[in-house]
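For reference, the chains in residue letters:
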Amino acid sequence: MGLFAFSKQERRMIAFLLVGLFVGAGVDLYMRQRGVEFDNPEAVAYRDSLRQEFLARAAEAVPGLPVASDSGHTLHAVSASQRPLLAVNINVASVEELVQLPHIGPALAERIVTHREEHGPFRNIEDIKQVRGIGERTFAKIRPYLTID
């Protein structure tokens, strides 16, 4: 039977995932040979934007496709219309808007809103690190998407 046991759409998805895997491995190898460090906040943000783009394309191909993340958690691919296109104002954003940020789940988004309600608006973007669950690493990943304007 082999590959013919899958439908045409399933074969396309398998091919898409395999191409993505090989391209990702090639980019990783290239970056490592060039000495690019992913601890650099800009590099981390760029890598995360590539991951979001991959998940968006996967969502468009097969809506609701669960995708395993590096951390072992299962992510659900979001379509391009669900991703933040512009920066999110953390002083007025709702829980639903905050959840669209990378690495921000419903519980953490709720803590951000609760912190804002209890302590007033954030004076600068770095103040979001006062919220339990947002450390330096998470902040570096979401910083490109944040504004207080």
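Residues numbered from 1 in each chain as written. Predicted model: local features only at pLDDT ≥ 70, side-chain atom pairs only at ≥ 80, totals over all residues. Heavy atoms only, no water.

Focus: the confidence of the model for the chain
Here the chain shows a mean pLDDT of 77. Residues at 70 or above account for 70%. Taken element by element, the predicted model of the chain shows its lowest mean pLDDT in strand β2 (residues 74-76) (45) and its highest in helix α4 (residues 106-119) (94). Confidence drops under a pLDDT of 50 for residues 68-81, and excluding neighbours within four residues, the segment shows 28 contacts in the predicted structure. (pLDDT = per-residue confidence, 0-100. Helix = DSSP H or I, 4+ residues; strand = E, 2+ residues; numbered from the N terminus. Contact = heavy atoms within 4.5 Å.)

Some details on the packing of aromatic side chains
Per the stated rule, a full pass over the model turns up zero aromatic pairs. Directly above the aromatic system of Phe 139 lies the positively charged group of Lys 129, at a separation of 5.0 Å from the ring centroid. (Phe/Tyr/Trp six-rings, centres within 6.5 Å; stacked < 30°, edge-to-face > 60°. Lys NZ or Arg CZ within 6 Å of the ring centre and 35° of its normal.)

Describing the pattern of salt bridges
Side-chain pairs of opposite charge can arise where the charged atoms are in close proximity. According to the stated counting rule, one finds two salt bridges in the structure shown. Two residues, Glu 126 and Arg 143, come together in a salt bridge whose shortest N-O distance is 3.1 Å. Taken as a pair, Glu 126 in the loop between α4 and α5 (136-142) and Arg 143 in the loop between α5 and β4 (146-147) lie far apart in primary sequence, 17 residues in all. Classification of Glu 126 as partly exposed rests on a relative accessible area of 31%. Judged by its relative accessible area of 42%, Arg 143 is partly exposed. A salt bridge links Glu 136 to Lys 129; its shortest N-O distance comes to 2.9 Å. The exposure class of Glu 136 is exposed, given its relative accessible area of 55%. (Salt bridge = Lys/Arg side-chain N within 4 Å of Asp/Glu carboxyl O. Buried < 20%, exposed > 50% of the residue type's maximum accessible area, 1.4 Å probe, protein only.)

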